[in-house]
Number of protein chains: 2
Amino acid sequence: MRTRPLKVALLGCGVVGSEVARIMTTHADDLAARIGAPVELAGVAVRRPSKVREGIDPALVTTDATALVKRGDIDVVVEVIGGIEPARALITTAFEHGASVVSANKALLAQDGAALHAVAEEHGRDLYYEAAVAGAIPLIRPLRESLAGDKVNRVLGIVNGTTNFILDKMDSTGAGYQEALDEATALGYAEADPTADVEGFDAAAKAAILAGIAFHTRVRLDDVYREGMAEVTAADFASAKNMGCTIKLLAICERAADGGSVTARVHPAMIPLTHPLASVRGAYNAVFVESDASGQLMFYGPGAGGSPTASAVLGDLVAVCRNKLSGTTGPGESAYAALPVSPMGEVVTRYHISLDVADKPGVLAQVATVFAEHGVSIDTVRQQGKDGEASLVVVTHRASDASLSGTVEALRSLDTVRGVASIMRVEGE
Amino acid sequence: MRTRPLKVALLGCGVVGSEVARIMTTHADDLAARIGAPVELAGVAVRRPSKVREGIDPALVTTDATALVKRGDIDVVVEVIGGIEPARALITTAFEHGASVVSANKALLAQDGAALHAVAEEHGRDLYYEAAVAGAIPLIRPLRESLAGDKVNRVLGIVNGTTNFILDKMDSTGAGYQEALDEATALGYAEADPTADVEGFDAAAKAAILAGIAFHTRVRLDDVYREGMAEVTAADFASAKNMGCTIKLLAICERAADGGSVTARVHPAMIPLTHPLASVRGAYNAVFVESDASGQLMFYGPGAGGSPTASAVLGDLVAVCRNKLSGTTGPGESAYAALPVSPMGEVVTRYHISLDVADKPGVLAQVATVFAEHGVSIDTVRQQGKDGEASLVVVTHRASDASLSGTVEALRSLDTVRGVASIMRVEGE
């Protein structure tokens, strides 16, 4: 074993960073044995240097992250600051000054992954980010390496623990959205400002990363269709139950049937209770991957939290250190397929639509005609009426999102349709 | 991209080998893009050269596997023959003649993995074998790389599809063992001689491989305690249902609580219906991994079959080819921890014991005394009696296998105990 240690700079020392530092210390011998050389924490960049950080030598702490990554003796920079800047500038500077980078930064990777990979490649460095998607669950490495000889057609997953906690709570207790969100906040599963989670921004960033790797193409954050879950109601869960389904916020990345394009989207959807994703409880994450040869694979585990995320960071750290010792780099960006990302209108799936309609003869015929005119085939209709008002629940066969949108627009213009109570996609069948 | 192709020799062209060859041809462009150089099938060693193999140039086919691996221009040998010899000799010869090896051979790796890794390392070659455990499910790579910065404490899995199909059938239809086995045979899930599957030899080989990688130590096939599932009865399933459990053939690799030793075992066990492994149906495989930092992860997918196994082989092929191009090798054997493997007697778990006893006063007291004398604490007892005969179902708290064996031996010697109808471990709680 080499005795001169590899030097690691840690950018950020919050929930994840402090856990990375702790494990680097307590498991130093194991890490050294697995890497083939000791690793040494050479510096920790923080915003508040006065805060006491147990187990971290205060002499290592600095507020000058730029100076740390420019030192020139750093082998690996671990970036767990999050956000776009200064993380982007620091990672770029790290590459330029001899370091490879391990990052947990989904927002940055989703937005600027291609550019960062290019800088890494130009300087012969590694850029690893298993921790950016679904915490400890190995996903990036299996997609990039284990399935490198296969053709992935679909990635379907629960990649945000906060929203899964909320939806699970609504499902199991009948609670409304606000009540479930309040509980998630009280328990620390939701942040004070839950926007990034409940509006699907977090999941969309992960979808962009997963789609790019799975399909060997570039998918930017802007390419991902996104709908949050704040409008999911207790009534939607009741409808889902009637169909033998539950509701999950899903990230779905698909290759078009002709193989010539891909789509990526995040939205709430009904999935059958028999689907393995339906039984993913609480803040857990799970991702289904469908490929030509391997069939259906599922990866399941804690999608967030300091320790699980640190586990993913350290797995990458070991890999990057091994590469450094053998004078090589791991697989970089693989975007050779250069497939166009189709707009949401071209996505084909099934829909569950609840309509409030006048309770009089001929309404169903009118509604059915609108569906037929837009080429959307109806699977089942359920009608319930009382006191001159009725509700109509329509479940369609597979149709494009554009056809469905056209259908809904036309339905809204019917005198006999009082309102469209909800529209939800049905996935996983 | 390099234009000179990497040359691949395929040893074996059965269900898996023919699928590997097919995908190498049909996905040649994708493989080339992902590797950075084209790969070329340079030779196929088979036993019956006269058999027509669609899509394979007859000029590539040979019966002389040794000559093929000795050619000296082969970059990677893909070994999908199975069994100990001639696979072992061929792999060794391949290393000596410049080739790295991708293998799907669980029996060989479980028996001689350490020696083969040593030869690979001596010659600077790669030895990859993701396909040896659980088909397409990425397990070796996640354990070896993704979790390289974590401390794995437990691997608990369904790693044999044939036995899971049989047990699932018994559970869902109430069929007996023989009936379910016959159906598995008729459907092609079980081989004509099902011994390797139903007696747990196949799962034990996988357990040895997984335990070695998970705990960074050497676990040989002989170290794995093994019990088959041919004695599981419909009555056992009824007992399991009473406890809110089902029965699975599990491979269980554990680190002792003090961290100083490990155990590996394969046997049928009851697991709660709420455990994610309980809902693994048919011939699917799933493996739970518990680690210090990552918590509980699960990997799920098809555990066998030509295409899924080929997917795993090809993922390894891409990795080995990339290593070859960058003049390096991937992680080899990691057995630095050198932990002793404890015998089965030291395994601690819970037990479900069914006894046939005389239906008279004092029997329960007698039985309870025997458990107490052996230090096995009872959780619940259920007594059912009729016509002078009674059955007693005892579920214990956690106790060592040795204590339980002593208890059962003493119970058998009691006049009032007519027989021990079944003993089953209870896992996953």
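Predicted, not measured: the structure shown is a model, and the values here were computed from it.

Q: Would you take a moment to explain the interface of chain A and chain B for this structure?
A: A common way to report how large an interface is uses the accessible area buried once the components associate. In this complex, chain A contributes 45 residues to the contact, which on the side of chain B involves 44 residues. In total, chain A and chain B occlude about 3700 Å² of area from one another, counting both sides; carbon and sulfur atoms represent 56% of this. Together, Arg-34, Tyr-300 and Tyr-336 of chain A form the three largest contributors to the area buried by chain A at its contact with chain B, with a combined 16%. In this assembly, chain A and chain B are joined by 2 salt bridges. For the pair chain A and chain B, the number of links is 18 residue pairs in polar contact (both at pLDDT 80 or more).

Q: I tried to follow the packing of aromatic side chains on my own but got confused; where do I start?
A: All told, the structure shown has 5 aromatic pairs over all chains when counted by the stated rule. Where Phe-299 of chain A meets Phe-299 of chain B, the ring centres are 6.1 Å apart and the plane angle is 85°; that geometry is what we call edge-to-face. With Phe-299 of chain A in strand β12 (residues 295–302) and Phe-299 of chain B in strand β12 (residues 295–302), this residue pair bridges two chains. Judged by relative accessible area, which is 1%, Phe-299 of chain A ranks as buried. Over the ring of Phe-201 of chain A we find Arg-226 of chain A; its NZ or CZ atom is 3.8 Å from the centre of that ring.

Q: I would appreciate a short explanation of the relation of the copies chain A and chain B in the present structure.
A: Put simply, the two copies of the chain differ by a rotation about an axis and a shift along that axis. Its rotation angle being 180°, the transformation that places chain A on chain B also includes 0.0 Å of axial translation and leaves an RMSD of 0.0 Å. Here the transformation between the copies is reduced to the relation of a two-fold axis. For chain A, the residue whose C-alpha comes nearest the rotation axis is Phe-299 of chain A, separated from it by 2.5 Å. Of the interface residues in chain A, 98% have counterparts in chain B that sit at the interface too, so the contact is made through matching surfaces.

Q: Sorry if this is basic, but what is going on with helix α7 (residues 161–173) of chain B here?
A: For an α-helix, 3.6 residues make a turn, and residues three or four places apart therefore share a direction. Residues and elements named next belong to chain B. With 13 residues, α7 should reach 18 Å at 1.5 Å per residue; the first-to-last C-alpha distance of 18 Å fits that figure. With respect to burial, α7 is a largely interior element, 11 of its 13 residues being buried. For α7, the full list of buried residues reads Gly-161, Thr-162, Thr-163, Asn-164, Phe-165, Ile-166, Leu-167, Asp-168, Lys-169, Met-170 and Asp-171. The secondary structure elements touched by the buried residues of α7 are β7 (152–158), α8 (177–186), α9 (195–198), α11 (234–242), β9 (245–255) and β11 (284–291). The opening residue of α7, the one whose side-chain oxygen lies 3.2 Å from the backbone nitrogen of Thr-162, is Asn-160. Backbone geometry just downstream of α7 places Gly-174 in the positive-phi region, at approximately 80°.

Definitions and limits used
- Residues numbered from 1 in each chain as written.
- Chains lettered and ligands numbered in written order.
- Predicted model: local features only at pLDDT ≥ 70, side-chain atom pairs only at ≥ 80, totals over all residues.
- Heavy atoms only, no water.
- Contact = heavy atoms within 4.5 Å.
- Buried area = accessible area lost by both parts, 1.4 Å probe.
- Salt bridge = Lys/Arg side-chain N within 4 Å of Asp/Glu carboxyl O.
- Polar contact = N/O pair within 3.5 Å; in protein donor to acceptor, adjacent residues only side chain to side chain.
- Phe/Tyr/Trp six-rings, centres within 6.5 Å; stacked < 30°, edge-to-face > 60°.
- Helix = DSSP H or I, 4+ residues; strand = E, 2+ residues; numbered from the N terminus.
- Buried < 20%, exposed > 50% of the residue type's maximum accessible area, 1.4 Å probe, protein only.
- Lys NZ or Arg CZ within 6 Å of the ring centre and 35° of its normal.
- Least-squares fit on C-alpha atoms with pLDDT ≥ 70 in both.
- Expected span 1.5 Å × (residues − 1).

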